[in-house]
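Here is how the chains run, residue by residue.
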Amino acid sequence: MSRMPLALDPAAGDDAAQAVGLAPGPVRDALVGAAGSSFYLRGLMIREKAWLADALTRPPGDVVPTLLAEAAGLEDSAVGEGLRQVKRRLALFAGLADLTGVWPLETVTHALSVFADAAVSRALRAALAPVLARGRIPGHGVEALDDAAGMVVLAMGKMGAFELNYSSDIDLIALFDDSRFSQAEAGEARSVFIKATRRAMALLQEPTGGGYVWRTDLRLRPDPSVTPICIGMEAAERYYESLGRTWERAAHIKARPAAGDLAAGAAYLERLRPFIWRRHLDFATIEDTHEMRNRIQKHKGLFEESRLEGRDLKLGVGGIRAIEFFTQTRQLIAGGRDADLRVAGTTAGLAALARKGWVPQDVAEELSVHYRALREAEHRVQMVADAQTHSLPTTDEGFDRLARLSGFGDTGAWRGALSARLDAVHALTERFFRRSEALPAQSADSAPPEPEIVARWRHYPALRSQRAQAIFNRLKPDLLSRLGEADRPEEAIAAFDGFLSGLPSGVQLFAMFEANPQLRALIVDIAATAPALARYLSRNASVLEAVVSGHFFAPWPGRVALTDELDALLAAQPDYEAQLDAARRWAKEWHFRCGVHHLRGLTDAEEAGTQYADLAEAVLAALVPAVCADFADRHGPAPGRGLAVFGMGSLGAGWLTAESDLDLIVIYDPAGEEASTGKRPLPSRTYYARLTQMIVTALTAPTAAGKLYEVDMRLRPSGRQGPVATSLASFENYQRTEAWVWEHMALTRARCVAGAADVRAEAERIRREVILGPRTAADVWSELARMRARLAEAKPQSGPLDVKPGAGGLQDIELTAQAAALLSGTTERPTPRHLSRAEAAGVMPSETASALAAAYTLARSVQSASRLVLEGPPDSRRMGRGGQAVLARAAAHPDLPRLENSLTRLRREAAARIDQLVQTSGASPPSA
């Protein structure tokens with residue numbers, strides 16, 4: 001024992017302890033204290049004195065299993081009184097274990113809850129046994145008693161979370177699996193199940209001389225005013241899909257099957273999962289919960305007050321329900337995205353939220369301490385007279401009684417501690433629910449006249465509902481104030497207008513803005529600096545959820561961790577189409593994260609390019625196996641050793657921009673197998689061709705969640721005229737006997753990024769041998785000269801910021817580096833490594849390598865940033881001041897004019913160096 005109840009009436013307590021027959025000592029003192037302050041416990045001690053005297057000689061952990069066994073073994077004719085006796089004994093022992101600290105709160109509530117399960121289950125069997133024996137349920141006899149012929153009782157609320165309080169009622173929903181019955185039989189079965197439910201509830205709650213077992217409440221079922229007390233699962237599912245409300249979602253967080261057909265109940269709850277746990281972050285839940293709290297407080301007459309007399313420990317200010325709402329609302333917000341948050345218990349929920357960054361660790365710990373203490377205080381309120389109440393007394397004598405039960409001889413000290421606890425809970429939880437009220441208010445008189453562009457916002461699709469308008473009107477003064485502080489307010493408002501006009505809906509997003517000031521700051525920052533990113537957000541607003549999910553600004557996890565994360569996500573999806581949608585949502589969030597970090601200067605161009613490439617490779621590494629598995633379901637396992645996917649160009653070199661396509665080649669090895677062996681077998685060549693097309697479709701097809709990447713396969717052997725997938729043998733033969741020099745140049749940046757390990761190893765072996773094979777310098781430089789001439793004609797440079805095409809541009813430097821890589825015999829892939837290796841091998845003068853590297857580094861910085869802030873051709877005349885600042889900062893220049901001067905100077909020098917390199921190499925000049 002870690003604490004001791006004190007007797008308000010020592011004589012009454014001593015009488016009860018004497019009836020039990022205990023010798024003097026701490027246990028007798030505990031009985032005196034409990035009986036001397038609780039009428040209910042004193043009566044139980046006297047009524048169950050023989051049982052208690054025996055129970056106190058056994059280990060406390062043996063008591064509940066013994067009582068549960070007694071309940072399960074009751075004859076049907078004795079169920080009512082038998083369960084009442086077990087309940088009396090459990091209430092007595094649990095009360096004593098609670099008051100003395102032998103059991104912590106969780107053990108007390110768990111013991112009450114598991115007995116509630118046992119009692120409901122036993123009452124249901126007693127109610128169903130006679131009707132099954134008489135064949136009243138179509139198609140079912142007595143053999144169906146074990147699974148209740150498809151009927152299940154769900155435990156809701158505190159019972160569902162194993163958190164029942166001392167004198168709780170139990171919230172239940174009774175359902176039956178109507179899929180077991182034909183349409184003609186369902187009505188008859190429903191009638192029998194309704195009568196059985198009534199009978200079972202009467203066995204539990206009707207008061208007799210032996211008391212009652214549990215008060216039951218069936219009003220959490222769908223539309224209880226018009227539906228019967230037991231309804232079919234199909235009807236319940238239809239209700240939640242079409243009419244379910246936020247409070248019903250919250251109620252189902254703790255739902256679990258407790259009696260009857262547990263498997264059918266679990267399957268039913270799994271079907272309800274999309275209703276309970278929304279796929280996206282659901283910040284509109286905050287407003288729903290706030291309104292619900294206000295309705296409860298108004299209905300119950302509960303208002304903010306400091307007095308303890310009559311205060312409701314559950315529903316009052318700073319009470320138990322405040323902590324539960326605080327926890328459940330956050331779970332509903334994020335639980336659709338993170339299954340780890342889908343836990344039933346309140347303290348377990350707080351711990352999970354803290355682990356995932358949704359609640360500060362110290363706040364979660366403090367609320368958990370307060371929750372346990374308030375629940376224990378609630379128990380003492382109920383122990384006094386077994387009253388289903390949560391209200392504190394209104395008399396001094398009542399407070400004295402509670403203080404003594406809690407082990408306090410000083411009532412004032414107990415009251416002070418309780419009052420401070422309620423105030424602390426109120427302070428911690430209320431700022432969450434009333435965060436929207438902290439937004440700066442602006443009266444109509446003081447507000448400046450709205451520009452025309454702002455006035456038209458009310459007509460956009462995102463603001464078509466009254467609820468969206470109400471939330472946005474609270475946000476608008478703060479948003480306009482932030483936009484007005486931008487360097488170019490008119491440009492920022494115009495970009496925000498582009499974002500707002502593209503939103504298909506607004507309630508969830510506006511609620512997320514309202515709950516997260518940092519998100520409002522971010523969207524204004526993006527509007528002021530990167531209109532292209534703002535327009536991207538209007539089409540993919542869900543990616544903003546990642547900003548508030550806790551890890552948005554954590555260090556970059558790397559390719560391996562990303563692949564593992566996406567692998568796990570895809571494995572959790574129910575089917576292939578869901579995998580495609582999940583991959584798109586996941587990739588867009590990480591893509592947005594890369595962009596924001598680069599926009600805010602948290603990463604430079606080199607880091608951002610590597611991160612975009614890591615992301616693309618993770619998508620391919622995780623998605624290609626999923627595509628192959630789905631294809632194999634129809635056509636059998638891949639014949640031979642499988643396939644490998646080569647990333648070419650920038651992907652192979654490990655550096656992409658925000659808008660990069662993926663250049664891919666697919667290589668396969670049939671290993672002599674002529675066809676697959678599935679339900680619909682295909683010849684090997686056809687199999688891999690269709691599989692490759694399916695991989696491309698998986699990446700490029702627009703689903704409900706958008707598309708992943710554009711894919712370019714023109715670098716495959718024979719280009720557009722060649723097959724989309726090439727066998728390993730054909731690939732090797734082509735590269736050794738038919739490929740052009742430029743195709744060997746392309747191989748210098750090729751890298752296997754997905755597919756079967758042994759096929760990838762073979763493909764890489766061929767790549768290395770081809771690159772290291774013999775060739776003449778004149779042929780390589782002549783090919784470079786011809787390629788430069790063709791590219792110069794195809795697409796000239798449009799301006800200083802257009803860094804890719806033209807002489808001395810990115811493409812020119814990359815091609816030169818590839819040619820040099822062939823001649824220096826390096827199998828490394830990044831362009832800077834090509835240049836340094838060429839210099840070391842004497843293929844390129846050091847001053848040329850340095851000039852090309854300098855031009856390349858600056859151009860890549862500009863390309864990476866410009867793709868982020870501007871759609872279409874990069875042109876300073878189309879770029880706002882914010883975008884220009886981002887571009888200059890990314891390129892480490894003080895302003896845009898000086899950056900353009902540097903680009904022009906370095907490009908000219910690079911072009912001259914390349915011209916000189918080609919001319920002095922003895923290469924044949926390009927034909928006219």
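Figured I'd write up the structure that's included with this text.

Conventions and cut-offs
Residues numbered from 1 in each chain as written. Predicted model: local features only at pLDDT ≥ 70, side-chain atom pairs only at ≥ 80, totals over all residues. Heavy atoms only, no water. Helix = DSSP H or I, 4+ residues; strand = E, 2+ residues; numbered from the N terminus. Buried < 20%, exposed > 50% of the residue type's maximum accessible area, 1.4 Å probe, protein only. Contact = heavy atoms within 4.5 Å. Areas by Shrake-Rupley, 256 points an atom, 1.4 Å probe, with all protein chains shown as cover. Lys, Arg positive; Asp, Glu negative; His and termini not counted. Charge placed at Lys NZ, Arg CZ, Asp CG, Glu CD. Phe/Tyr/Trp six-rings, centres within 6.5 Å; stacked < 30°, edge-to-face > 60°. Patch = residues over 30% accessible without salt bridge, like charges linked within 9 Å, V, L, I, M, F, W, Y side chains within 5 Å. Salt bridge = Lys/Arg side-chain N within 4 Å of Asp/Glu carboxyl O. Pairing = 2+ DSSP bridges. Axes fitted to C-alpha atoms, helices over the stretch in contact; angles between N-to-C directions. Parallel < 35°, antiparallel > 145°, perpendicular 65-115°, else oblique. Nonpolar A, V, L, I, M, F, W, Y, C, P; charged D, E, K, R; others polar. Core = buried A, V, L, I, M, F, W, Y, C linked by side-chain atoms within 4.5 Å.

### Notes on the overall build of the protein
Regarding its fold elements, the protein presents 39 helices and 10 strands. A principal-axis box enclosing the C-alpha atoms of the protein has dimensions of 115 × 75 × 55 Å. Per-residue burial over the protein gives 57% buried out of 928 residues. Partitioning the contacts of the protein with sequence separation of at least 6, the portion at a separation of at least 24 is 75%. Split by element, the accessible area of the protein, about 37700 Å² in all, is 52% carbon and sulfur. When the 109 basic and 113 acidic side-chain charges of the protein are each reduced to a single mean position, those positions are 2 Å apart.

### Comments concerning the packing of aromatic side chains
By convention here, two paired aromatic rings are described through the distance between centres and the angle between planes. In the structure shown here, the tally under the stated rule is 22 aromatic pairs. When the centroid spacing of 6.4 Å and the interplanar angle of 80° are considered together, the rings of Tyr40 and Tyr166 count as edge-to-face. Here Tyr40 is found in helix H3 (residues 39–47), whereas its partner Tyr166 is found in the loop between helix H8 (157–160) and strand E2 (169–176), with 126 residues between them in sequence. An identical accessibility class is assigned to Tyr40 and Tyr166; each is buried. Judged by centre distance (6.3 Å) and plane angle (65°), the rings of Phe176 and Phe181 are edge-to-face. As far as the burial class goes, Phe176 and Phe181 line up, both buried. An aromatic cluster of at least three residues, connected via ring pairs, comprises Trp457, Phe472, Phe496, Phe499, Phe510 and Phe513.

### Quick look at a positive patch on the surface
A surface patch of like charges, here positive, comprises Arg134, Arg136, Lys195 and Arg198. Mapped onto the elements, Arg134 comes out in the loop between helix H7 (105–133) and strand E1 (151–155). Using a relative accessible area of 55% as the deciding quantity, one classes Arg134 as exposed.

### Description of the pairing of strand E10 (residues 751–755)
Of all five residues in E10, four are buried, a share of seventy percent or more. Pairing of strand E6 (residues 642–648) with E10, which is carried by four bridges, proceeds in the antiparallel orientation. Residue pairing in the sheet places Gly647 in a bridge with Arg751 of E10.

### Quick look at the packing of helix H2 (residues 26–35) against H3
Where H2 meets H3, the axes come as close as 7 Å, and the angle between the chain directions of the two elements is 130°. Regarding the angle of H2 to H3, the classification is oblique. Contacts between H2 and H3 pair Leu31, Ala34 and Ala35 from the former with Leu41, Arg42 and Met45 from the latter. Across the contact of H2 with H3, the residue classes break down as five nonpolar, no polar and one charged.

### Focus: unusual backbone geometry
Positive phi outside glycine occurs at Ala148, with the angle close to 55°. Residue placement: Ala148 occurs in the loop between H7 and E1. Although it is not a glycine, Ala892 adopts a positive phi angle of roughly 60°.

### Some thoughts on the pattern of salt bridges
Oppositely charged side chains may form a pair once their charged atoms are brought near each other. In this structure the tally under the stated criterion is 55 salt bridges. A salt bridge links Arg3 to Glu376, with the shortest nitrogen-to-oxygen separation between them at 3.3 Å. With a gap of 373 residues between them, Arg3 in the segment before helix H1 (10–20) and Glu376 in helix H17 (residues 361–383) connect regions that are remote in the sequence. Note that Arg180 is salt-bridged to Asp261, the shortest N-O span being 3.1 Å. Remark: Asp261 occurs in the loop between strand E5 (256–260) and helix H12 (262–271) and Arg180 occurs in the loop between E2 and helix H9 (183–205); sequence separation between them is 81 residues. Of the residues examined, Asp261 reaches a relative accessible area of 9% and is grouped as buried. Residues joined by salt bridges that share partners form a network here, namely Glu732, Arg736, Glu762, Arg765 and Glu769.

### Regarding the environment of Met159
Among the secondary structure elements, Met159 is positioned in helix H8. Placed 10 residues apart in sequence, Met159 and Asp169 show a C-alpha to C-alpha distance of 8.9 Å. Dropping the residues within four chain positions of it, Met159 is found in contact with Ser113, Ala116, Asp117, Val120, Leu164, Ile170, Leu172, Arg256 and Ala258.

### Some details on the nonpolar core
Membership of the largest hydrophobic core comes to 269 residues, with the highest contact counts inside it found for Met45, Phe510, Phe592 and Leu623. When residues of this core are assigned to their parent elements, the largest contribution, 16 residues, is made by H7. Not counting residues up to four positions away in its chain, the partners in contact with Leu623 are Leu570, Leu580, Ala583, Ala698, Leu699 and Leu708. Membership of the second largest hydrophobic core comes to 23 residues, among which are Tyr239, Tyr240, Ile276 and Trp277.

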